[in-house]
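# Structural characterization, general
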Amino acid sequence: MTNAQKMVRLNLDLSPELNQILDELANKIGTSKGDVLRQAITLMQMMIIAKEETKKLGIPEANQLIVNEIILSSEQQSKPHPLDTFMERLGPWEDERTAEEIVKDIYDSRTISNHDISL
């Protein structure tokens, strides 16, 4: 099997501005847009791994001083699923009754109002 057969094709919608940046990057390093995106994904993966290991990723000057530190903003960090947040805050439902008993109690507690409502 050739390398091309192992690849997954991906369609991507970009704004004109991002497409222009992608074109410029590809031209600067003499490669394709796909290669630029693959390299960007690899860099992002390195950033995530570094963050998980409580390391920092930076861009050093020639004299090894870190000039720019790359920090993932909170918007880029993965957000927990709402159900996980709910369960963490409130926990599971706790009751000694069976589901059938709970449903029966709900039905039994219903009342019918005899009050006339007029609008």
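Positions within a chain are numbered from 1, following the residues in the order the chain's sequence is written. Two thresholds apply to this predicted model, a pLDDT of at least 70 for residue-level local features and 80 or more for giving and counting side-chain atom pairs, whereas whole-chain, interface and lining totals are computed over all residues. Excluded from the side-chain calculations are hydrogens and water; all other atoms, namely the structure's heavy atoms, are used.

When helices and strands are tallied, the chain shows five helices and two strands. Secondary structure elements in the chain, listed N-terminal to C-terminal, are α-α-α-β-β-α-α. Looking at the chain as a whole, 6% of its 119 residues are labelled buried. A fraction of 15% describes how many contacts in the chain between residues 6 or more apart in sequence connect residues 24 or more apart. The Shrake-Rupley method, run with a 1.4 Å probe, gives the accessible areas here. Residue values count only the displayed protein chains as cover. For the chain, the accessible surface area stands at approximately 11600 Å², while carbon and sulfur atoms represent 55% of it. In this description a helix means any DSSP run of H or I spanning at least four residues, a strand means any run of E spanning at least two, and both kinds are numbered starting from the N terminus. Relative accessibility thresholds used throughout: buried, under 20% of the residue-type maximum; exposed, over 50%; partly exposed, between the two (1.4 Å probe, protein chains only). In this analysis, two residues are considered to be in contact whenever any of their non-hydrogen atoms come within 4.5 Å of each other.

Moving on to helix α2 (residues 16–29). Multiply 1.5 Å by the residue count of a helix minus one, and that product is the helix's expected span. Between its first and last C-alpha, α2 extends 20 Å over 14 residues, near the 20 Å set by a 1.5 Å rise per residue. Count one or two residues on from α2 and you reach glycine 30, which has phi positive near 65°.

The next subject is the pattern of salt bridges. When a carboxyl oxygen of Asp or Glu lies within 4 Å of a side-chain nitrogen of Lys or Arg, that pair is called a salt bridge. Across all of its chains, the model carries five salt bridges by this definition. Between arginine 97 and aspartate 105 there is a salt bridge, with the nearest N and O atoms lying 2.5 Å from each other. Overall, arginine 97 belongs to the partly exposed group, its relative accessible area being 33%. Connected through shared salt-bridge partners, Asp95, Arg97 and Asp105 make up one network.

When pLDDT is averaged along the chain, the result is 78, and 74% of the positions lie at 70 or above. For every residue, the pLDDT score states the predictor's confidence, bounded by 0 at the bottom and 100 at the top. By mean pLDDT, strand β2 (residues 66–70) is the weakest element of the chain at 57, and α2 is the strongest at 92.

All right, on to the packing of α2 against helix α3 (residues 33–52) then. In the contact formed by α2 and α3, the axes pass within 9 Å of each other and the chain directions differ by 95°. With respect to their mutual orientation, α2 and α3 come out roughly perpendicular. In this structure, α2 contributes Asn19, Leu22, Asp23, Leu25, Ala26 and Ile29 to the contact, and α3 contributes Lys33, Val36, Leu37 and Gln39. When residue character is reported, Ala, Val, Leu, Ile, Met, Phe, Trp, Tyr, Cys and Pro are called nonpolar, Asp, Glu, Lys and Arg charged, and the others, Gly included, polar. Considering only residue class, the contact of α2 with α3 consists of six nonpolar, two polar and two charged. To get an axis, fit a line to the C-alpha atoms, keeping to the stretch in contact for a helix; angles then go from 0 to 180 degrees between the N-to-C directions. What sets the label is the angle itself: under 35 degrees gives roughly parallel, over 145 gives roughly antiparallel, 65 to 115 gives roughly perpendicular, and the rest give oblique.

This brings us to a nonpolar patch on the surface. Patch membership requires over 30% relative accessible area and the absence of a salt bridge. Like charges are linked within 9 Å, and nonpolar side chains (Val, Leu, Ile, Met, Phe, Trp, Tyr) within 5 Å. Taken together, the side chains of Leu12, Leu14, Leu18, Ile21, Leu25 and Leu37 present a nonpolar region at the surface, about 500 Å² in accessible area. Among the elements that take part in the nonpolar patch, α2 stands out by supplying three residues, more than any other.

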